[in-house]
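# What the coordinates show
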Amino acid sequence: MDRDQIAQEVLAAVGGKGNVTANDICMTRLRILTEDPSLVDTDQLSSARGVLGFVKRGANGIEVVFGPGKVEAVHEALVRLTGIEGNEEAFDEASAMPSPIHVHISHNPLRSAALAQSEGDVDAAPEGPSEEDAEDASVEDLVSLLDVMEPADASPDETTDADVDVEDQLPEGPVRVLVINGPNINMLGIREPDIYGHDSYRAMLRICHDAALEAGFADCTCFQSNHEGDLIDAIQDAYGTYAGIIINPGAYTHTSIAILDAAKAVGLPMIEVHISKLEDREDFRQVSYIRAACFETITGLGVEGYRKALFDMAAHLGL
């Protein structure tokens, strides 16, 4: 993939290089400040190659999300094309005023078929969703932004020695929570329903949405990936943006020291959730690396475990 061509596509979508006043990178995001935000074509930006999504920041800022390992190269090309070096300080004010995220996810026929089957619409699966449904599924399916907010009391199922100074961890401004799901969670309703239940992935997102509305958060993002590095990037990107993380690493629970290291690195309050009751399953599932970074573990409640986790996180944060 040609980094210069990608940078040119991004520049064209944000109104040309003459409309760029500053740029920088943050984790997997390319950050751009524009002179005239009305010139930004969000549809064109969403369709640019390699772009996974974007977040508007303040009146003139926008952050373009790329996959792991791509943003540095694209930023280097953008600096060459604009002649403007990266400037982190220019984004301090814009970063304090995030607007809702806008997510673009490339169409995946297998995912569409799985979602259609999980909703009982098997006949419609081969043709894929309509344009309107595809847009909704993109947001709901992998990075659903949940409007949130009012607390409830809850007591944790299980605690560990993970010690967090909550007051120090809370970012300034609205309190946001991140829900991370690992491999095969997107196949809920299809994958071994006798173990994981018949609720679909979309149904789980709706549960998170409803719980978040009651739990006191200003914003909640749901992210799912089948790739270990993507989960690590999501944890790292949460630093300074989210007050806590609800995580179900899937099978990576039992294998990934790297995910544990990322969780310890950011030091955010974290709750581990599993849909099935791991204690009653195979021996190899009795090991959980991520648990060492979590103050609570919830297992065996099905998708309702996410509801409990959101309320427990809100209580832990004192919302």
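This is a predicted model, so every value here is computed, not measured.

Moving on: the nonpolar core. Of all hydrophobic cores here, the largest spans 32 residues; its most connected members are M204, F217, I246, Y306 and L310. At the level of secondary structure, the elements contributing two or more residues to this core comprise β7 (176–181), α9 (201–215), β8 (219–224), β10 (270–274) and α12 (304–317). If one sorts the elements of this core by residue count, α9 sits on top with eight residues. Judged by nonpolar contacts, the second largest core, of 21 residues, contains V10, L11, A13 and V20.

Quick look at a nonpolar patch on the surface now. Together, I257, V287 and Y289 give the surface a local cluster of nonpolar side chains, amounting to about 240 Å² of exposed area. I257 gets classed as partly exposed once you look at its relative accessible area, which sits at 45%.

Taken as a whole, this structure holds twelve salt bridges when the rule is applied. With its nearest N and O atoms 2.8 Å apart, the salt bridge here joins R291 to E272. Of the two residues, R291 is situated in the loop between β10 and β11 (296–299) and E272 in strand β10; the sequence distance between them amounts to 19 residues. Its relative accessible area of 22% is what places R291 among the partly exposed residues. Residue E282 pairs with R285 through a salt bridge whose shortest N-O separation is 2.7 Å. When its relative accessible area of 33% is taken as the criterion, E282 is described as partly exposed. Residues joined in a network through salt bridges with shared partners are D24, R29, R31, E63 and D237.

Take the side chain of S276 next. Its place among the elements puts S276 in the loop between β10 and β11. Exposure remark for S276: the relative accessible area of 6% places this residue in the buried category. Sequence-distant contacts of S276, that is, excluding residues within four places in its chain, are made with I195, Y196, R281, T299 and G300.

In this structure, N184 is a non-glycine residue whose phi angle is positive, near 70°. When its relative accessible area of 36% is taken as the criterion, N184 is described as partly exposed. Its identity as a non-glycine residue notwithstanding, E192 has a phi of 35°, on the positive side. Within the secondary structure, E192 is located in the loop between β7 and α8 (193–196).

To continue, consider the confidence of the model for the chain. Confidence along the chain averages 76 in pLDDT terms, with 73% of residues attaining 70 or more. Within the model, pLDDT remains below 50 along residues 96–164, and this stretch shows 143 contacts once partners closer than five positions in the same chain are excluded.

Here we take up the environment of T255. Position of T255 relative to the elements: it lies in the loop between β9 (244–248) and α11 (257–266). Distance in space between the C-alpha atoms of T255 and V287 is 8.2 Å, their sequence separation being 32 residues.

For α9, which comprises 15 residues, the first-to-last C-alpha distance of 21 Å matches the rise-based estimate of 21 Å (1.5 Å per residue) to within 8%. The complete set of buried residues in α9 reads Y201, A203, M204, L205, I207, C208, A211, A212 and A215. Remark: G216 follows α9 within two positions and exhibits a positive phi of approximately 105°.

Let us look at the environment of A211. With respect to the helices and strands, the residue A211 is situated in helix α9. Relative accessible area serves as the criterion here: at 0%, A211 is assigned to the buried category. A C-alpha to C-alpha distance of 8.3 Å links A211 and Y306, two positions 95 residues apart in sequence. Not counting chain neighbours up to four residues away, the residues in contact with A211 comprise R307, L310 and F311.

Another aspect to go through is the side chain of T299. Relative to the helices and strands, T299 is located in strand β11. Polar side-chain contacts of T299 include one of 2.9 Å to the side chain of E279. Contact partners of T299, with chain neighbours within four places excluded, come to H274, S276, K277, L278 and E279.

The next subject is the pairing of strand β1 (residues 20–26). Strand direction decides the pairing type here: β1 and strand β2 (residues 29–34), joined by six bridges, are antiparallel. When the bridges of β2 are listed, N23 appears paired with I32.

Looking now at the state of the cysteines. Overall, the coordinates contain zero disulfides when judged by the stated rule. C208 takes part in no disulfide bond, and the closest cysteine sulfur, belonging to C222, lies 4.2 Å away.

The rules we used
- Within each chain, residues carry numbers counting from 1 in the order of the written sequence.
- Only residues with pLDDT of 70 or above have their local features reported here, since the model is predicted, and side-chain atom pairs are shown and tallied only from 80 upward, although totals for entire chains, interfaces and linings are computed over all residues.
- Where side-chain values are given, they derive from all heavy atoms of the structure, hydrogens and water being excluded.
- Residues belong to a common nonpolar core when they are buried Ala, Val, Leu, Ile, Met, Phe, Trp, Tyr or Cys residues joined through side-chain atoms within 4.5 Å.
- Residue exposure (1.4 Å probe, protein chains only): buried if accessible area is under 20% of the type maximum, exposed if over 50%, otherwise partly exposed.
- Helix and strand definitions here come from DSSP, where helices need a minimum of 4 consecutive H or I residues and strands a minimum of 2 consecutive E residues; each element is numbered from the N-terminal end.
- Patches were defined on residues exceeding 30% relative accessible area and lacking a salt bridge, with like-charge contacts within 9 Å and nonpolar side-chain contacts (Val, Leu, Ile, Met, Phe, Trp, Tyr) within 5 Å.
- All accessibility values rest on the Shrake-Rupley procedure with a 1.4 Å probe; residue burial counts only the protein chains present in the view.
- Any Lys or Arg side-chain nitrogen located within 4 Å of an Asp or Glu carboxyl oxygen qualifies as a salt bridge.
- The criterion used for residue contact is that any of the two residues' heavy atoms lie within 4.5 Å.
- Within a predicted model, pLDDT stands for the predictor's per-residue confidence, ranging from 0 to 100.
- Multiply 1.5 Å by the residue count of a helix minus one, and that product is the helix's expected span.
- In protein, a polar contact means a hydrogen-donor-capable atom and an acceptor-capable atom, both N or O and within 3.5 Å, with residues adjacent in sequence counting only if both atoms are side-chain atoms; elsewhere, any N or O pair within 3.5 Å suffices.
- Pairing between strands is defined by DSSP: at least two bridges between the two strands are required.
- Any cysteine sulfur atom paired with another within 2.5 Å is treated as part of a disulfide.

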